[in-house]
Amino acid sequence: MITFIIGLVILVAGAACYGRFCEKVFGPDDRETPAYAKQDGIDYVPMKQWKNSLINLLNIAGTGPILGPIQGILFGPIAFITIPIGNIIGGAMHDYFSGMICLRDGGTQMPDMVRKYSNKGVFGVYQVFCSLLLLLVGAVFIYTPGDIAATQVFGFDGAATSVSTWVIYGVIFVYYLVATVFPIDAIIGRIYPIFGAILLFSAVGVFIGLFAHGYPLVELWDTWNYTGAASVAYGDYFSAGHFIPIFFITVACGILSGFHSTQTAIISRTVRSEKEGRMTFYNMMVLEGFIAMVWAAGAMGVYNLGLQSADASLATATIGVICKNILGPVGGVIALVGVIVLPITSGDTALRSLRLSVSDSLKIDQSSPAKRVGLSAVIFVLVAVILVFAKMNSNGFNILWRYFAWSNQTLALFAFLAITVWMFESGKGKFAWMPLIPGAWYTFVTITYIANAKIGFNIPWGGAYVIGVVAAIAYVSVLIWYGKKRAQMKAAKKKK
């Protein structure tokens with residue numbers, strides 16, 4: 001438990017210190033926010049801080065911070081240290097500046113932010129990339145909660161040929177459509193507090209249960225070839241699994257998620273004061289990091305106790321074992337509902353974000369429900385096609401999840417790019433290292449991974465690492481050059 005506790009201390013202390021530092025660098029003030037300046041009763045709606053924070057948490061916390069850490073813990077207790085460090089200096093910083101820059105720029109969505117702080121070429125790539133990711137998110141976050149509900153709550157087989165499977169998918173689809181079309185405070189703002197209570201019960205319940213049941217956790221200084229009842233050889237995973245980059249692609253959302261920038265942009269339209277940003281954006285990502293660490297610890301415990309096979313492909317089954325073993329039959333079902341809620345409350349806003357991004361970019365009027373339904377229908381048809389492929393193909397979901405995980409991390413590079421340029425243009429160039437460090441790291445991670453992966457270019461590891469290093473150096477060099485150039489151009493305009 002000591003390594004796990006050390007990780008929690010890093011997470012909490014780091015959030016307090018680095019979160020305050022991020023806030024100081026940005027410099028929130030008392031200017032009128034878009035929620036008031038552009039209030040329309042649909043997307044621009046002033047909401048209380050606790051509600052915005054809760055909505056943002058539910059928006060960003062899908063199955064990523066649960067399934068990812070359950071698989072990532074197979075690399076060993078190092079996950080308890082890498083998750084909080086990465087979360088503090090990477091993920092939470094990414095979420096805070098993405099949300100705050102969109103807030104200050106008038107409640108813009110991420111495509112507009114990328115367009116403003118880059119060029120047409122980068123923006124074009126981002127538009128395609130972001131749209132594809134949001135479609136994948138919509139499909140993944142119907143598939144995973146639907147299957148968990150079918151197999152572990154209702155007791156169905158979850159098979160592609162079963163009517164019950166598609167009925168459950170259909171119910172989630174209907175909810176997504178309602179949440180995507182109606183005003184944000186009419187559906188999301190009203191139902192999320194209930195979802196939030198269930199979410200907190202599952203996370204806090206599992207956290208307390210770890211100590212109450214005395215779950216055996218391996219320490220960082222112990223041998224990583226520890227063999228418990230589940231015969232988990234952590235050292236083997238570490239030495240043969242190429243910890244970097246696979247771990248950081250696998251864990252994803254608990255450390256960093258590019259998807260989050262599309263969600264904080266939505267909340268930028270409902271925040272009442274810039275000074276609420278740290279709690280709403282930064283701290284909610286830290287809370288997601290806590291959720292990731294809790295599920296990683298729970299997975300390690302059940303593996304060591306022999307309650308579940310330490311097989312990454314059985315991650316969804318591990319969720320049920322953790323919930324029911326720690327919280328009992330009734331509490332376990334409630335916790336499972338919390339796990340189901342997480343992806344559903346991310347999927348609905350992912351598709352809402354896609355609608356907003358497409359409508360803003362193509363100047364499509366969304367003032368009436370009929371017009372919003374029309375655009376949403378096109379999006380939902382595409383999601384349905386992806387979902388059917390993933391369910392009917394024996395390896396379909398594995399392919400879908402891998403592309404989702406990789407593209408999710410890659411999308412963050414665009415946000416780090418925009419944040420870096422914003423800093424140079426805003427006279428904060430001396431702080432550009434804040435987005436450049438995680439940006440360089442994830443350039444290396446994502447490029448190395450896709451260069452080596454079978455779903456990518458299938459290049460041997462040696463060559464993939466070289467390509468990753470070169471890409472990371474190029475990313476930093478070009479951004480520093482471009483950021484300084486933009487700052488000079490802006491200064492020249494002011495003199496005129």
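## Describing the packing of helix 5 (residues 79-104) against helix 11 (residues 243-251)
At a minimum axis separation of 12 Å, helix 5 and helix 11 run at an interaxial angle of 70°. Here helix 5 is positioned roughly perpendicular relative to helix 11, judged by the angle of their axes. Of the two elements, helix 5 crosses helix 11, and the hand of that crossing is right-handed. Listed contacts from helix 11 to Ala79, Thr82 and Ile83 of helix 5 are Phe243, Phe247 and Val251. In the contact of helix 5 with helix 11, the residues fall into 5 nonpolar, 1 polar and no charged.

## Describing the pattern of salt bridges
Side chains that differ in charge, positive against negative, can pair when their charged atoms come close. All chains considered together, the criterion is met by 11 salt bridges. Among the salt bridges present, the one from aspartate 29 reaches arginine 31, with a minimum N-O distance of 2.7 Å. Between lysine 275 and aspartate 30 there is a salt bridge, with the nearest N and O atoms lying 3.1 Å from each other. Separated by 245 residues along the polypeptide, lysine 275 in the loop between helix 12 (259-267) and helix 13 (277-304) and aspartate 30 in the loop between helix 1 (2-26) and helix 2 (34-37) bring together distant segments of the chain.

## What about the packing of aromatic side chains?
In this structure the tally under the stated criterion is 33 aromatic pairs. Aromatic side chains tryptophan 481 and tyrosine 482 sit 6.4 Å apart centroid to centroid with 45° between the ring planes, which places their arrangement in the tilted category. By relative accessible area, which is 15% here, tyrosine 482 ends up buried. Of the aromatic side chains, those joined through ring pairs into one cluster are Phe75, Phe243, Phe247, Phe248, Trp441, Tyr442, Phe444, Trp461 and Tyr465. The residue whose ring lies beneath lysine 391 is tyrosine 143, and the NZ or CZ to ring-centre distance is 4.8 Å.

## Points about helix 18 (residues 461-495)
With 35 residues, helix 18 extends 51 Å from end C-alpha to end C-alpha; this agrees with the ideal 51 Å at 1.5 Å per step. What helix 18 keeps buried is the set Trp461, Ala464, Gly468, Ala472, Tyr475, Leu479, Tyr482, Gly483 and Arg486. Where helix 18 is buried, its residues contact helix 6 (110-116), helix 11, helix 16 (396-425) and helix 17 (433-452).

## Thoughts on empty space enclosed by the protein
Taken as a whole and judged by the stated rule, the model has 1 cavity of 30 Å³ or more. Counted as a void, the largest cavity has a volume near 40 Å³. Lining of the largest cavity is provided by Gly64, Gly68, Ile249, Thr250, Val251, Ala252, Cys253, Trp401, Phe404 and Ala405. Contributions of two or more residues to the lining of the largest cavity are made by helix 4 (64-72), helix 11 and helix 16. Taken together, the residues that form the lining of the largest cavity break down as 7 nonpolar, 3 polar and no charged.

## Some thoughts on a nonpolar patch on the surface
Taken together, the side chains of Val153, Phe154, Phe156, Val333 and Val337 present a nonpolar region at the surface, about 380 Å² in accessible area. By the secondary structure assignment, valine 337 is in helix 14 (residues 315-362). Overall, valine 337 belongs to the partly exposed group, its relative accessible area being 30%.

## Digging into the nonpolar core
Buried together is how nonpolar side chains tend to be arranged in soluble globular proteins. Phe80, Phe97, Tyr176, Phe247, Tyr282, Trp295 and Ile319 are the most contacted members of the largest nonpolar core, which totals 150 residues. Sort the elements by how many residues they give to this core and helix 16 lands first, with 19 residues. Ignoring sequence-local partners within four residues, the contact set of phenylalanine 80 consists of Thr3, Phe4, Gly7, Ile73, Leu217, Met293, Ala296, Ala297 and Met300.

## Structural notes on the layout of surface pockets
Leftover empty space is mapped by rolling, across the atoms, a probe with the size of a water molecule. Of the volumes computed, that of the second largest pocket is approximately 330 Å³. Together, Ala149, Val153, Phe154, Ile168, Val171, Ile172, Tyr175, Phe195, Val337, Ile340, Val341 and Ile344 line the second largest pocket. Going through the elements one at a time, helix 7 (120-153), helix 8 (163-181) and helix 14 are the ones with two or more residues in the lining of the second largest pocket. Of the residues in the lining of the second largest pocket, the class split is 12 nonpolar, no polar and no charged.

## Topic: the side chain of threonine 262
You can see threonine 262 is positioned in helix 12. Among the polar contacts made by the side chain of threonine 262, one reaches the main-chain carbonyl oxygen of phenylalanine 259 at a distance of 2.5 Å. Within the structure, threonine 262 has its side chain in polar contact with the side chain of glutamine 263 (distance 2.8 Å).

## Some thoughts on the packing of helix 5 against helix 17
Interaxial distance between helix 5 and helix 17 falls to 10 Å at its minimum, and their mutual angle equals 125°. Between helix 5 and helix 17, the crossing angle belongs to the class labelled oblique. Viewed along their axes, helix 5 and helix 17 form a crossing whose handedness is left-handed. From helix 5, Ile89, Gly90, Met93 and Phe97 reach across to helix 17, where they touch Met434, Pro435 and Pro438. Classifying every residue of the contact of helix 5 with helix 17 by side-chain character gives 6 nonpolar, 1 polar and no charged.

## Re the environment of glycine 124
With respect to the helices and strands, glycine 124 occurs in helix 7. Judged by its relative accessible area of 32%, glycine 124 falls in the partly exposed class. Distance from glycine 124 to proline 111, taken between C-alpha atoms, is 9.2 Å for residues 13 residues apart in sequence.

## Brief notes about the environment of valine 122
Mapped onto the secondary structure, valine 122 falls in helix 7. Between the alpha carbons of valine 122 and valine 204 there is a distance of 41 Å; along the sequence they are 82 residues apart. Once you skip the residues sitting within four places of it in the chain, valine 122 turns out to touch Val114, Phe414 and Leu417.

Calculation notes
- Residues numbered from 1 in each chain as written.
- Predicted model: local features only at pLDDT ≥ 70, side-chain atom pairs only at ≥ 80, totals over all residues.
- Heavy atoms only, no water.
- Axes fitted to C-alpha atoms, helices over the stretch in contact; angles between N-to-C directions.
- Helix = DSSP H or I, 4+ residues; strand = E, 2+ residues; numbered from the N terminus.
- Parallel < 35°, antiparallel > 145°, perpendicular 65-115°, else oblique.
- Left-handed = near helix turned anticlockwise from the far one by under 90°.
- Contact = heavy atoms within 4.5 Å.
- Nonpolar A, V, L, I, M, F, W, Y, C, P; charged D, E, K, R; others polar.
- Salt bridge = Lys/Arg side-chain N within 4 Å of Asp/Glu carboxyl O.
- Phe/Tyr/Trp six-rings, centres within 6.5 Å; stacked < 30°, edge-to-face > 60°.
- Buried < 20%, exposed > 50% of the residue type's maximum accessible area, 1.4 Å probe, protein only.
- Lys NZ or Arg CZ within 6 Å of the ring centre and 35° of its normal.
- Expected span 1.5 Å × (residues − 1).
- 1 Å grid on protein atoms, 1.4 Å probe; cavity = no way out; pocket = protein on both sides within 12 Å on 5 of 7 lines; lining within 4 Å.
- Points joined across faces, edges and corners; volume = space filled by probe spheres on them.
- Patch = residues over 30% accessible without salt bridge, like charges linked within 9 Å, V, L, I, M, F, W, Y side chains within 5 Å.
- Areas by Shrake-Rupley, 256 points an atom, 1.4 Å probe, with all protein chains shown as cover.
- Core = buried A, V, L, I, M, F, W, Y, C linked by side-chain atoms within 4.5 Å.
- Polar contact = N/O pair within 3.5 Å; in protein donor to acceptor, adjacent residues only side chain to side chain.

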